[in-house]
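What the coordinates show
As a plain string of letters, each chain reads:
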Amino acid sequence: MPGSSRSIDGIDMGGGKGSFARYDRIAVSFHWLSATLVALAYFSIEMRGSHTDPHRSWWIGAHVWIGTVLWLVSLARLAWRLWRGAPARAAETVIYARLSRIVHGLLYAFVLVQPILGMLIYNLDGKPIPLAGYPWPIHLVGPVPALWHRVKEIHEFIGNAFYGVIGLHACAALYHHLCRGDGTMRRMSFG
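As the structure is a prediction and not an experimental result, all values here were calculated from the model.

Quick notes on the overall build of the chain
The helix and strand inventory of the chain stands at four helices and two strands. Starting at the N terminus and ending at the C terminus, the chain contains elements arranged as β-β-α-α-α-α. Going through the 191 residues of the chain one by one, you find that 34% of them count as buried. Taking the contacts inside the chain whose residues are at least 6 apart along the sequence as the reference set, 66% of them involve residues at least 24 apart. Surface summary for the chain: the accessible area is close to 11,400 Å², and the carbon and sulfur share equals 71%.

Here it is, written out as structure tokens:
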């Protein structure tokens, strides 16, 4: 509970938001689960193949399920982050701090907005969101064929652009770990 000081596995669990050195196990779990789901979403969409591929619909269905689970995990992760806070930042230059905030903000926006755009693609085309095994049709909005193509283009553009943002995030983590040795990666580990 924020405001009370306690320790788990030698990690200060806080005397308030930002007063601890590492992320707690729940935040670390959310991070790595999100990273895994993002990787699986990219993998599934790359595996969808051509329109004649007999497995195409299975891969697209997997992509939709993964994106939906990612969105739900991201909502829980954001709620946890807002309630729990984040560890105090390591000493860094103003430019690194700003870049870090921008990249993390973009990553949060990506995992929250991108799945919604994917769901809207189906609804705007007049179709329910295809969650195999889920018994009820899901409609967030009614059909708007004029918007369908534009939302699909935006979803694909953001998906392609985020290869770079995700790569930047990973490179920054490796830079902090290998070049600066400042413990940044250890803050997001279970160890």
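Structural notes on the packing of aromatic side chains
For the structure shown, the criterion picks out eight aromatic pairs. For the ring pair W58 and W59, a centre distance of 4.8 Å and an interplane angle of 90° mean the geometry is edge-to-face. Judged by relative accessible area, which is 55%, W58 ranks as exposed. Measuring from ring centre to ring centre gives 5.6 Å for Y134 and W136, while their planes differ by 75°; the resulting arrangement is edge-to-face. In this structure an aromatic cluster arises from ring pairing among Y42, F110, F162 and Y163.

Overview of the side chain of H155
Relative to the helices and strands, H155 is located in helix α4 (residues 145-180). Residue H155 is classed as buried on the basis of its relative accessible area, which comes to 15%. Residues contacting H155, with those up to four places away along its chain left out, are H63, Q114, L117, G118 and I121.

Remarks on the nonpolar core
Formed by 14 residues in total, the largest nonpolar core has its most connected members in V38, F110 and F162. Sort the elements by how many residues they give to this core and helix α1 (residues 25-46) lands first, with five residues. Among residues more than four places away in sequence, those in contact with F110 are V38, Y42, P115, I158, G159, F162 and I166.

What about the pattern of salt bridges?
Counted according to the given criterion, the structure contains four salt bridges. R150 serves as the salt-bridge partner of E153, at 3.3 Å between the closest nitrogen and oxygen. Of this pair, E153 and R150 both sit in helix α4, three residues apart, which is roughly one turn of the helix.

Description of the side chain of S44
One can find S44 in helix α1. In this structure S44 comes out as buried when scored by relative accessible area, which is 1%. Excluding residues within four positions of it along the chain, S44 makes contact with W59, A62, H63 and I66.

About the thresholds
Residues numbered from 1 in each chain as written. Predicted model: local features only at pLDDT ≥ 70, side-chain atom pairs only at ≥ 80, totals over all residues. Heavy atoms only, no water. Helix = DSSP H or I, 4+ residues; strand = E, 2+ residues; numbered from the N terminus. Buried < 20%, exposed > 50% of the residue type's maximum accessible area, 1.4 Å probe, protein only. Contact = heavy atoms within 4.5 Å. Areas by Shrake-Rupley, 256 points an atom, 1.4 Å probe, with all protein chains shown as cover. Phe/Tyr/Trp six-rings, centres within 6.5 Å; stacked < 30°, edge-to-face > 60°. Core = buried A, V, L, I, M, F, W, Y, C linked by side-chain atoms within 4.5 Å. Salt bridge = Lys/Arg side-chain N within 4 Å of Asp/Glu carboxyl O.

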